[in-house]
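Chain and residue survey
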Amino acid sequence: MVLKIFFPICCSAAESGLLVGRWIPEQNSAVILAVIHFPFIPGQVKQYLSEMQHATQVKLSVLGSWTKTKQAKEESLDRFLEDLGTIFSHDPWIQLSKEKGSKFWSCSASWKDSNGNEEDENILVYYDQRKVMLSQLHPAQDQVVSSDQRTVEASKLVAVFDTVAKSKLLFMKDRYDEGPVKLTHWQSEGVEASIIVELLKQASVPACMLITFLLSLVCGVCKSRVLTFWPLSFIWSKLSTCEQLGHRLQHLQIISSRRKAPNQTQLMRKANIFLSLLIDMTLGILLMSWLYQKNRIGHLANALVPMADHVAQQLQDLLQWLMGVPAGLKMNRALDQVLGRFFLYHIHLWISYIHLMSPFIEMILWHVGLSACLGLTVALSIVSDIIALMTFHIYCFYVYGARLYCLKIYGLSSLWRLFRGKKWNVLRQRVDSCSYDLDQLFIGTLLFTILLFLLPTTALYYLVFTLLRLLVVIVQGLIHLLVDLINSLPFYSVILRLCRSYRLASGVKFRVLEQEAGKPLRLLMQINPLTYGRVVQLYKLPTYSCYPKDSWGSLCKKLLVGELIYPWKHKGEKQD
């Protein structure tokens, strides 16, 4: 029978005494947590372990004895430690001891019901108690092994990790404390503490209370009936800045909540949100300080109006080209002139609007720059909204062209069914047979001919403005991707993986230290950290925006038939 003993490395230098830990009968394993060294009274040890067991919910017991060095003068001590097995009566009773002048340890286990013929094979597994206690074991990714086998192996490791993690209260007592029991474990030299951390904890309480009060006021204003009326609700749902502010407001509510995180995952989520907010605001303040240096906002405002004029002039040249003979194509001149003048009038209105707003652009940019203190994501969302407002005429051109093109496409498809004696059944959502009279066929032929010959002109305008609209959407999409990256990237988990990789464990590996016939096999248990990709996958924060729910095939189909596309939706409701 194989007996596995998990022994903490920190107890290798402990004085002789008793081994305290948990016995796992399902795995035939003993997890050593601490060493109780002399002097001690057995009754007080039993009482102390009973109190710890009630507090930690871990079945603690005295598993055996430990001897630091095995010398001839300490044979009486060995016999005394062996006799303690009758007092604490644990089955099996484990005896560990170092051999002086040798790197091997002697290990023996005595069973009450053993007949003496069966020889046990003992395996000593050394582990870093501090790392195992602070680490969190994560489920493994899909592997080749079967799910049952993977579950059994994971449960064995979980039992060891949980035993050490739940015994934090046992490690709070060091050997300098006054009491009847002296323990040796990873924190025996004194409980780790930081004055700075304690001061920050005390200072965070009033700060959290103040933030909670301010957030309650902001939430009350946001939930008021004033914002539910049509104009304000419409603006709130369309602007990316409002969505980002609402998203960050939810993050602040989570951080300032007085409710304690129920598990390690929620605690990591809070830490990731806090660090994401901190980095976001730091980058925003750096951006704001850069904008207000050397009058960069004034230079930007002076360059914005000429840039808008240049874009409008390029659009006018493009429309003049479309109203002629674009690429040698012969267009329907009447429709071409009507569409061209219609769009030129819109550009004229847009230029007048820009020049009307030009005296106030610098003041608007100055106040917009102040919003960068709320975070880089808020500043990027404002930039996205400014791009949407500055290219609103392009969006209008795209909508007009798409609606006109879609109307002709659906009209041609309906008239094509008329020629084949078919019609679309609206109730059953299918194509059924239908008989038409001569007048209906004549009108249908006339309309089909008109739509067919007008289609190239409409399709050309639709193609040009769709390409312009897609260019604007790509620019806004890149900005939204950057905002989503900052919102969702788990900065705390990534930094924790970089600095303390053992905190995020995916499993363990065993390295053979010593192996010799007749001696216990000595192994060193080391923690395998999660990969960076797995860390991001597990701790990625949810964002308020989502990517296109349509596939690329569906998106191309919508472009071909002239349906409006909304590649960047927010909460499943926001549309351009």
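What you are looking at is a predicted structure, and each value in this text was computed from that prediction instead of being measured.

Over its 51 residues, helix α13 (residues 438-488) extends only 64 Å from the first C-alpha to the last, a length that falls short of the 75 Å expected when each residue adds 1.5 Å. If you look at α13, its biggest bend is around 40°, right at Leu455, and the proline Pro456 turns up within four residues after that.

Below, the discussion takes up helix α9 (residues 296-322). For α9, which comprises 27 residues, the first-to-last C-alpha distance of 38 Å matches the rise-based estimate of 39 Å (1.5 Å per residue) to within 8%. Turning to α9, its buried residues number three or more, namely Ile297, Gly298, Ala301, Val305, Ala308, Ala312, Leu315, Leu319 and Leu322. Buried residues belonging to α9 abut α8 (264-291), α10 (333-370), α11 (376-390), α12 (392-419) and α13.

The next point concerns the environment of Phe6. You can see Phe6 is positioned in strand β1 (residues 2-8). Residue classification places Phe6 among the buried residues on the basis of a relative accessible area of 7%. If we ignore the near neighbours within four places in the chain, the residues touching Phe6 are Ser29, Ala30, Val31, Ile32, Val125, Tyr127, Val160 and Met525.

What follows covers the pairing of strand β10 (residues 422-425). As paired elements, β10 and strand β11 (residues 430-433) share four bridges and run antiparallel to each other. Opposite Lys423, over in β11, you have Asp432 as the bridge partner. In this structure, the hairpin formed by β10 and β11 is closed by a connection of four residues, where Gln429 is found at a positive phi of approximately 55°.

Let us now look at the packing of helix α7 (residues 240-255) against α8. As a packed pair, α7 and α8 sit with axes 10 Å apart at the nearest point and diverge in direction by 130°. Between α7 and α8, the interaxial angle falls into the category oblique. Relative to α8, α7 is oriented so that their crossing is left-handed. For the pair formed by α7 and α8, the contact residues are Arg248, His251, Leu252, Ile254 and Ile255 on the first element and Arg269, Lys270, Ile273, Phe274, Ser276, Leu277 and Asp280 on the second. Its residues assigned to classes, the contact of α7 with α8 comprises six nonpolar, two polar and four charged.

The nonpolar side chains of a soluble globular protein tend to be buried, and buried together. Core analysis: the largest hydrophobic core is formed by 40 residues, its most contacted members being Leu18, Val31, Leu33, Ile36, Tyr127 and Val164. Once residues within four sequence positions are removed from consideration, Leu33 is found in contact with Pro8, Val20, Gly21, Leu60, Tyr127, Gln129, Thr163, Val164, Ser167, Leu170, Phe171 and His185.

This next bit is on the UniProt feature "transmembrane region" (unreviewed entry) in the chain. Mapped onto the present numbering, the UniProt feature "transmembrane region" (unreviewed entry) falls on residues 273-292, 338-356, 368-391, 440-464 and 470-495. What you have in residues 273-292 is 95% helix and 0% strand, and the ends, taken at the C-alpha atoms, are 29 Å apart.

A separate point is a nonpolar patch on the surface. Residues Phe442, Ile443, Leu446, Leu447 and Ile450 make up a contiguous nonpolar surface patch of about 480 Å² in total accessible area. With respect to the secondary-structure elements, Ile450 resides in helix α13. A residue is classified by how much of its surface remains accessible, and Ile450, at 42% relative accessible area, is partly exposed.

On to the pairing of strand β2 (residues 17-24), then. Along β2, seven of the eight residues are buried, which leaves the element largely enclosed by surrounding structure. Pairing of β2 with strand β3 (residues 29-37), which is carried by eight bridges, proceeds in the antiparallel orientation. Within β3, the residue paired with Leu19 across the bridge is Val35. Adjacent in sequence and paired antiparallel, β2 and β3 are bridged by four residues, among which Asn28 carries a positive phi angle near 55°.

Let's shift gears to the pattern of salt bridges. A side chain of one charge can pair with a side chain of the opposite charge when the charged atoms of the two come close. Inspection of the entire model under this criterion finds one salt bridge. For the salt bridge of Arg248 with Asp280, the shortest nitrogen-to-oxygen distance reads 3.1 Å. Within this pair, whereas Arg248 is found in helix α7, its partner Asp280 is found in helix α8, the two being separated by 32 residues in sequence.

So, about the side chain of Ser371. Turning to its location among the elements, Ser371 is positioned in the loop between α10 and α11. Here Ser371 is in contact with Val378 and Ile382, once residues within four sequence places are set aside.

Okay, the side chain of Asp336 next. Position of Asp336 among the secondary structure elements: in helix α10. Of the side chains with opposite charge, Arg333 lies nearest to the buried Asp336, which makes no salt bridge, at 5.9 Å. Setting aside residues up to four positions removed in sequence, Asp336 forms contacts with Leu322, Met323, Gly324, Met331, Thr457 and Tyr461.

So, about unusual backbone geometry. Unlike most non-glycine residues, Asn28 shows phi in positive territory, near 55°. Checked against the element boundaries, Asn28 lands in the loop between β2 and β3. Even without glycine at this site, Gln57 takes up a positive phi of about 60°. Within the secondary structure layout, Gln57 lies in the loop between α1 (42-56) and β4 (61-70). Judged by relative accessible area, Gln57 falls into the exposed class, the value being 62%.

So, how was this worked out
- Residues numbered from 1 in each chain as written.
- Predicted model: local features only at pLDDT ≥ 70, side-chain atom pairs only at ≥ 80, totals over all residues.
- Heavy atoms only, no water.
- Helix = DSSP H or I, 4+ residues; strand = E, 2+ residues; numbered from the N terminus.
- Expected span 1.5 Å × (residues − 1).
- Bend = angle between axes of the 7 residues up to and from the residue.
- Buried < 20%, exposed > 50% of the residue type's maximum accessible area, 1.4 Å probe, protein only.
- Contact = heavy atoms within 4.5 Å.
- Pairing = 2+ DSSP bridges.
- Axes fitted to C-alpha atoms, helices over the stretch in contact; angles between N-to-C directions.
- Parallel < 35°, antiparallel > 145°, perpendicular 65-115°, else oblique.
- Left-handed = near helix turned anticlockwise from the far one by under 90°.
- Nonpolar A, V, L, I, M, F, W, Y, C, P; charged D, E, K, R; others polar.
- Core = buried A, V, L, I, M, F, W, Y, C linked by side-chain atoms within 4.5 Å.
- UniProt positions renumbered as here; feature names shortened; annotations may be inferred.
- Patch = residues over 30% accessible without salt bridge, like charges linked within 9 Å, V, L, I, M, F, W, Y side chains within 5 Å.
- Areas by Shrake-Rupley, 256 points an atom, 1.4 Å probe, with all protein chains shown as cover.
- Salt bridge = Lys/Arg side-chain N within 4 Å of Asp/Glu carboxyl O.
- Lys, Arg positive; Asp, Glu negative; His and termini not counted.

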